[in-house]
Amino acid sequence: MPLSTLIQRSSLPSPSLSEAQAHALLQAHYDLAGSLSRLGSQQDLNLRLDTGQERFVLKVCHGNYAQMELEAQHAALAYLREQGLPVPAVRPARDGQSLLALNIDGQPLRARLLDYIEGQPLTRLKHMQPRLMAELGALCARVDKALADFDHPGLVRTLQWDPQHAQALIEHLLPVLQDAGQRSRLEQATRLAAAHLATLVDDLPSQAVHLDITDDNAVWARDEQRQWQLQGIIDFGDLVRTWRIADLSVTCAALLHHAEGDPLRILPAVRAYQALNPLSETELRALWPLVLNRAAVLVLSSEQQLAVDPGNQYTRDNIAHEWEIFDTATAVPFALMEAAILQAAGIEPSRPDLADCALLLPDLAREAVTRVDLGVLSPLCEAGNWEQPGFDQRQLTAQPAPACSLHGQYRLSQTHIDRPDEPATCALGVELHVPNGSAVQAPQAGTWQRHGDGRGCLRTAQWALWLSGLEDTPADGQAVAKGQALGNSCGFLSVQLCLDASIQPPLFAAPSQAAAWLALCPSPAALLGFDCDAEPLADPQALLARRDASFARSQKHYYAQPPHIERGWRNYLIDMQGRSYLDMLNNVAVLGHGHPRMVAESARQWSLLNTNSRFHYAAIAEFSERLLKLAPAGFDRVFLVNSGTEANDLAIRLAWAYSGGRDLLSVLEAYHGWSVATDAISTSIADNPQALETRPDWVHPVEAPNTFRGRYRGADSAGDYLRDVDAKLADLDARGRQLAGMICEPVYGNAGGISLPAGYLKEAYAKVRARGGVCIADEVQVGYGRLGEYFWGFEEQGVVPDIITMAKGMGNGQPLGAVITRREIAEALEAQGYFFSSAGGSPVSCRIGMAVLDVMDEEGLWQNTRETGRYFKARLQALVDKHPLAGATHGSGFYLGLELVRDRQTLEPATEETMVLCDRLRDLGIFMQPTGDYLNILKIKPPMCTTRASVDYFVNSVDRILSEGL
Ligand code: PMP
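Residues numbered from 1 in each chain as written. Predicted model: local features only at pLDDT ≥ 70, side-chain atom pairs only at ≥ 80, totals over all residues. Heavy atoms only, no water.

1. Some details on the sheet that holds strand E28 (residues 739-744)
Phase 1 of the analysis: Pairing is mixed in the open sheet, where seven strands are placed in the order E25-E33-E32-E31-E28-E26-E27. Each end of this open sheet is capped by a strand with a single partner; those strands are strand E25 (637-641) and strand E27 (699-702). The mean angle between the axes of side-by-side strands here comes to 20°, regardless of whether they run parallel or antiparallel.
Phase 2 of the analysis: Pairing geometry for strand E32 (residues 803-806) and strand E33 (residues 817-821), over three bridges, is antiparallel. For Thr805, the partnering residue across the bridge sits in E33 and is Val819.
Phase 3 of the analysis: Running at roughly 55° to E25, helix H23 (residues 823-830) makes contact with E25, strand E31 (774-778), E32 and E33 of the sheet. (Pairing = 2+ DSSP bridges. Helix = DSSP H or I, 4+ residues; strand = E, 2+ residues; numbered from the N terminus. Axes fitted to C-alpha atoms, helices over the stretch in contact; angles between N-to-C directions. Contact = heavy atoms within 4.5 Å.)

Here it is as structure tokens:
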């Protein structure tokens, strides 16, 4: 069929068939009845039939579709099914025919019935994980591999979507575009594609291809973890024999809808394809021009379709969608995408030969060059100094000339915060500090182009060299010979090579684009005559493997593929490529990461002395006094240990010693530590799935007073929960057992910071004390001002415990824990022997403990926690009002929880959704993890220096993800 007929055919509206006619057809030919619903299609009529037991798709097309082509589709479906590919089966009609030729109301039509694949396309999914892109690429590879030796006479056809006709079709359809700007963009892109394809097409292998393996035609369903799993591929209407690479180009073009403006995001599809069905380098080079052509054809076809069938809402809806593909496809230079595709397929693009170049700076003392490290771990970067504009240049010029920055280094100065996109951190050129007036010469013959401000570009036959910081440069457009002067340096010179002379490259690239950009902007080392290349970063996967092989695995890490992080600053953690993640998890680093006061305090004390509490030094007395000042009246003795576990373990021993009993009340679902005793009182299933079966007989857990989802609900449920306390105590009384005491967190931490019901601790403490027991408040998480409204958690309940245990934030990460109590309790232990912890209360720990308190005070961190915490809670509450999944907020200050439920009545926990949300937050540069026994609560416990801007970024991101759907 000639192309003109084809275009005419593509302009036909879909066949029309009333519902009654469809029912009659199904009854007459297939003996089937049921309800019908319309499925979208550009040119055919697709109806889903639901019989109650089974579902089918009735596909009706115009009678002028060649029978042979439809038979080819059926044969391919059968062929693929035989090879285990997930494609629908064709159901024969009553007479055994799988393809019906009909005439309805004078319209010649063809109809067939296919199995319906349950699931849905992900067309409108805004964010598509790389895994899904890879799966679509892999599916395309499997189909191509399976069809490699499939043949049928119906494959030879002239199809509008066949890329072999793209150029002709584009030329033919371009006039439908009214907007001259749009037209010229399309022309430019497709001209470039044509130029590249011209040298490749002769070597492209052909075979049968599906040619429509897209987000529209792949059917997915969620598994139990709410992860999308591929169910099958439908719509074989474009089956044709053409270039094999055409199939992947169609898939890649469709994936551009989900690339969020960055075409490199589709590379997982290429990688996955290549792994299963390796493509030749020629095919890989043809891929991007074919994608550009496909993008242009999609836009033009839709525009044309709309012109002939203005009522087709499907086409109308699609037009913006098609332009999005085109805009994304043209968002980066062609050469970058070509390099990225080759790299994804494991082919490193070739590098230019710079061996016979003259030196750029012939007089430079090359052996004296200082390599200046501006990377994430650079010792030059401290206490946030990299945030000041001009940091890199200042560091370079502070070094004696000659000094040079490093090509390919991920620079800390380029990081950014509270933003979803990766920062462009990877240096694509170098900067030099050279003696003022240093002569600069052309390494090769070329043409000089001035770009103003001492910036210019030397274009040679092979590459372009971008320079800035020059005076006395040649005239614009002047031809220069190799070795000819390009000017003199003003002292600070920037040098960047680029293999694509048609673009002005950026100075920095985002980590995900760095490899491709570095292929386009290779190192200028050969032109400089010295090594200016950064050391490659250690492979984070290899490091993780070493961890797994040496560090006992019960000590888990966050995320399956965790980012490699060696630096933090304030409430951010910064990975080795300079991406800053908002740290919403680290309740230990209360002051924030990298605090200069911590650095100074520990360095000073280490330089003086670090011993143990058996020696006599001032810090131990000073720190103990300061802790007692923070505690309520009556507390007069301190023990210093190294962790919350130790503090709680010691508190249990104190209760035993003081009461003479062993039996202890604890609260279900709490966590108190890992030692034998603290593990015994910890019943959080998330920490220990066997928690309830493994209690020793001295532990008596009471019902968790969870006012949100516990057995009794609401703030006035104290009386109900106390009945369980009474029951446990009555049982001990009946058995004549002496109670040692009760331990609990005064705010229910494991469930995201739920307040205990009013009056609960007052009553419970009274009951415990009446039996000679000791009341222990585990303030390890909630104490020290984290709640914002109270310094200690027990203040909320209006009680005073007998023992306070504290750790975590009090050392800002330095191992430091404390038990604060009264003298008579402390002395009860003394009667049993000494207590000594080798590092507990060491001079370094005490100094750090005091510095933490000083900084909290000086920087107003308690006030910030209260004020920003209130704002935070209000913003979270607004999410609860907006999104059904956001069930409730808990906590206060910087101890907050957002609980996700599938149903506000049953409170069915949205465990899988919470995990998906946390993973998605990480993509947006936020660290967040689930907590609670159902892992359905966001554990929000950031450093206490967290700002309103960070809170806004966090809440806006959660809002965005909940709006996109989980
Ligand atoms: N008590 C509570 C309430 C805790 O949350 C934790 C730690 N998560 C501990 C005790 C144990 O503290 P550490 O990890 O310092 O031993």
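And the narrative resumes.
2. What about the sheet that holds strand E35 (residues 895-900)?
Two orientations exist for strands paired in a sheet by backbone hydrogen bonds: parallel and antiparallel.
Phase 1 of the analysis: In spatial order, the strands read E34-E35-E38-E37; together these four strands make up an open sheet with antiparallel pairing. The sheet is open, and its two edges are formed by strand E34 (886-892) and strand E37 (930-931), each paired on a single side.
Phase 2 of the analysis: Taken together, the four bridges between E35 and strand E38 (residues 937-940) define a ladder with antiparallel strand orientation. Note that in E38 the partner of Glu899 across the bridge is Ile937.

3. Side note on the pairing of strand E8 (residues 218-222)
Along any regular strand, the residues point their side chains to alternate faces of the sheet.
Phase 1 of the analysis: Two strands pair when backbone bridges link them, and E8 and strand E9 (residues 228-233) are joined in this way by five bridges, in the antiparallel orientation. The partner of Ala218 across the bridge, within E9, is Ile233.
Phase 2 of the analysis: Remark: five residues form the turn of the hairpin made by E8 and E9, two consecutive strands paired antiparallel; Arg226 in that turn has positive phi of roughly 65°.

4. Section: unusual backbone geometry
Phase 1 of the analysis: Cis geometry marks the peptide bond from Ala401 to Pro402; its omega dihedral reads 0°.
Phase 2 of the analysis: Within the secondary structure layout, Pro402 lies in the loop between helix H12 (391-398) and strand E12 (403-404).
Phase 3 of the analysis: One non-glycine residue, Asp31, lies in the positive phi region at around 60°.
Phase 4 of the analysis: By the element assignment, Asp31 lies in the loop between helix H2 (19-30) and strand E1 (35-39).
Phase 5 of the analysis: The exposure class of Asp31 is partly exposed, given its relative accessible area of 46%. (Buried < 20%, exposed > 50% of the residue type's maximum accessible area, 1.4 Å probe, protein only.)

5. Here's the deal with the packing of helix H17 (residues 618-630) against helix H24 (residues 843-858)
Phase 1 of the analysis: Relative orientation of the contacting elements H17 and H24 amounts to 40°, with a least axis distance of 9 Å. Considering their axes alone, H17 and H24 lie oblique with respect to each other. Along this stretch, H17 crosses H24, giving a crossing that reads as left-handed. Between H17 and H24, the residues in contact are Ala618, Ala619, Ile620, Glu622, Phe623, Arg626 and Leu630 and Pro843, Cys846, Arg847, Gly849, Met850, Leu853 and Asp854, respectively. (Parallel < 35°, antiparallel > 145°, perpendicular 65-115°, else oblique. Left-handed = near helix turned anticlockwise from the far one by under 90°.)

6. Observations concerning the site of the ligand
Phase 1 of the analysis: Contacts to the ligand come from Ser643, Gly644, Thr645, Asn648, Tyr671, His672, Glu745, Asp778, Val780, Gln781 and Lys808.
Phase 2 of the analysis: Side-chain polar atom of Asp778 to a nitrogen atom of the ligand: 2.7 Å apart, as the coordinates give it.
Phase 3 of the analysis: Within the side chain of Lys808, an N or O atom sits 3.0 Å from a nitrogen atom of the ligand.
Phase 4 of the analysis: Protein chains bury 83% of the 390 Å² of accessible surface belonging to the ligand in isolation.
Phase 5 of the analysis: Element by element, the count of residues in the shell around the ligand is highest for helix H18 (residues 644-659), at three residues.
Phase 6 of the analysis: For the shell around the ligand, a count of residues per class yields two nonpolar, six polar and three charged. (Near = heavy atom within 4 Å. Polar contact = N/O pair within 3.5 Å; in protein donor to acceptor, adjacent residues only side chain to side chain. Areas by Shrake-Rupley, 256 points an atom, 1.4 Å probe, with all protein chains shown as cover. Nonpolar A, V, L, I, M, F, W, Y, C, P; charged D, E, K, R; others polar.)

7. Topic: the pattern of salt bridges
Phase 1 of the analysis: Enumeration according to the criterion identifies 45 salt bridges in this entry.
Phase 2 of the analysis: Of the charged contacts, one joins Arg91 and Glu54 as a salt bridge, the two residues approaching to 3.5 Å between their closest N and O atoms. In this pair, Arg91 sits in strand E4 (residues 90-91) while Glu54 sits in the loop between strand E2 (45-50) and strand E3 (55-62), placing the two residues 37 residues apart along the sequence.
Phase 3 of the analysis: A relative accessible area of 30% places Arg91 in the partly exposed class.
Phase 4 of the analysis: Given the relative accessible area of 36%, Glu54 is considered partly exposed.
Phase 5 of the analysis: Close ionic contact of Asp663 with Arg737 constitutes a salt bridge, the shortest N to O distance being 3.0 Å. Of this pair, Asp663 sits in strand E26 (residues 663-667) while Arg737 is found in the loop between helix H20 (718-734) and E28, placing the two residues 74 residues apart along the sequence.
Phase 6 of the analysis: Among the residues examined, Arg737 registers a relative accessible area of 32% and is labelled partly exposed.
Phase 7 of the analysis: Three or more residues are tied together by salt bridges with common partners; here these are Glu260, Arg265, Arg920, Asp923, Arg960 and Glu964. (Salt bridge = Lys/Arg side-chain N within 4 Å of Asp/Glu carboxyl O.)

8. Considering the packing of aromatic side chains
Phase 1 of the analysis: Tallied over the full model, the rule gives 15 aromatic pairs.
Phase 2 of the analysis: A ring pair is formed by Tyr784 and Trp792, whose centres lie 6.1 Å apart and whose planes are at 65°; its orientation type is edge-to-face.
Phase 3 of the analysis: Counting every residue linked through ring pairs, the aromatic cluster contains Tyr784, Phe791, Trp792, Phe794 and Trp862.
Phase 4 of the analysis: Directly above the aromatic system of Phe836 lies the positively charged group of Arg614, at a separation of 4.0 Å from the ring centroid.
Phase 5 of the analysis: The ring of Tyr871 is capped by Arg948, whose NZ or CZ atom sits 4.0 Å from the centre of that ring. (Phe/Tyr/Trp six-rings, centres within 6.5 Å; stacked < 30°, edge-to-face > 60°. Lys NZ or Arg CZ within 6 Å of the ring centre and 35° of its normal.)

9. A short note on the environment of Ser41
Phase 1 of the analysis: Here Ser41 shows up in the loop between E1 and E2.
Phase 2 of the analysis: It is 8.8 Å that separates the C-alpha atoms of Ser41 and Thr315, two residues lying 274 residues apart in sequence.
Phase 3 of the analysis: Discounting chain neighbours no more than four positions away, the residues touching Ser41 are Asn46 and Tyr314.

10. Some remarks on helix H5 (residues 166-173)
Phase 1 of the analysis: Looking at H5, one finds that the buried residues are Ala166, Leu169, Ile170 and Leu173. Burial along H5 is one-sided: seen end-on, the buried residues are contained in an arc of 100°. (Arc of directions from axis to C-beta.)

11. Description of the environment of Leu99
Phase 1 of the analysis: In this fold, Leu99 is placed in the loop between E4 and strand E5 (100-104).
Phase 2 of the analysis: Accessibility expressed as a relative area gives 11% for Leu99, which makes it buried.
Phase 3 of the analysis: With 12 residues separating them along the chain, Leu99 and Ala111 place their C-alpha atoms 6.0 Å apart.
Phase 4 of the analysis: If near-sequence neighbours (up to four positions away) are discounted, Leu99 is found in contact with Gln67, Leu70, Glu71, His74, Arg110, Ala111 and Arg112.

12. Overview of the side chain of Thr190
Phase 1 of the analysis: Along the polypeptide, Thr190 turns up in helix H6 (residues 180-198).
Phase 2 of the analysis: With a relative accessible area of 8%, Thr190 lands in the buried category.
Phase 3 of the analysis: Other than its neighbours up to four places away in sequence, Thr190 contacts Ile170, Asn293 and Ala296.

13. Comments concerning the packing of helix H7 (residues 245-255) against helix H9 (residues 281-308)
Phase 1 of the analysis: Contact pair H7 / H9: the axes reach a minimum separation of 8 Å and the direction vectors enclose 50°. As judged from the angle between their axes, H7 and H9 are oblique. Regarding H7 and H9, the two cross each other, and that crossing is right-handed. Residues Ile245, Ala246, Leu248, Ser249, Val250, Cys252 and Ala253 of H7 lie in contact with H9, whose contacting residues are Glu283, Ala286, Leu287, Leu290, Val291 and Arg294.
Phase 2 of the analysis: For the contact of H7 with H9, a count of residues per class yields 10 nonpolar, one polar and two charged.

14. What to know about the nonpolar core
Phase 1 of the analysis: Ile245, Ile266 and Trp288 are the most contacted members of the largest nonpolar core, which totals 106 residues.
Phase 2 of the analysis: When residues in this core are grouped by element, the largest group, 14 residues, is from H9.
Phase 3 of the analysis: Non-local contacts of Ile266, meaning those with residues more than four positions away in its chain, are made with Met133, Cys252, Leu255, Leu256, Ala259, Trp288 and Met337.
Phase 4 of the analysis: Judged by nonpolar contacts, the second largest core, of 94 residues, contains Met810, Phe872, Val880 and Phe954. (Core = buried A, V, L, I, M, F, W, Y, C linked by side-chain atoms within 4.5 Å.)

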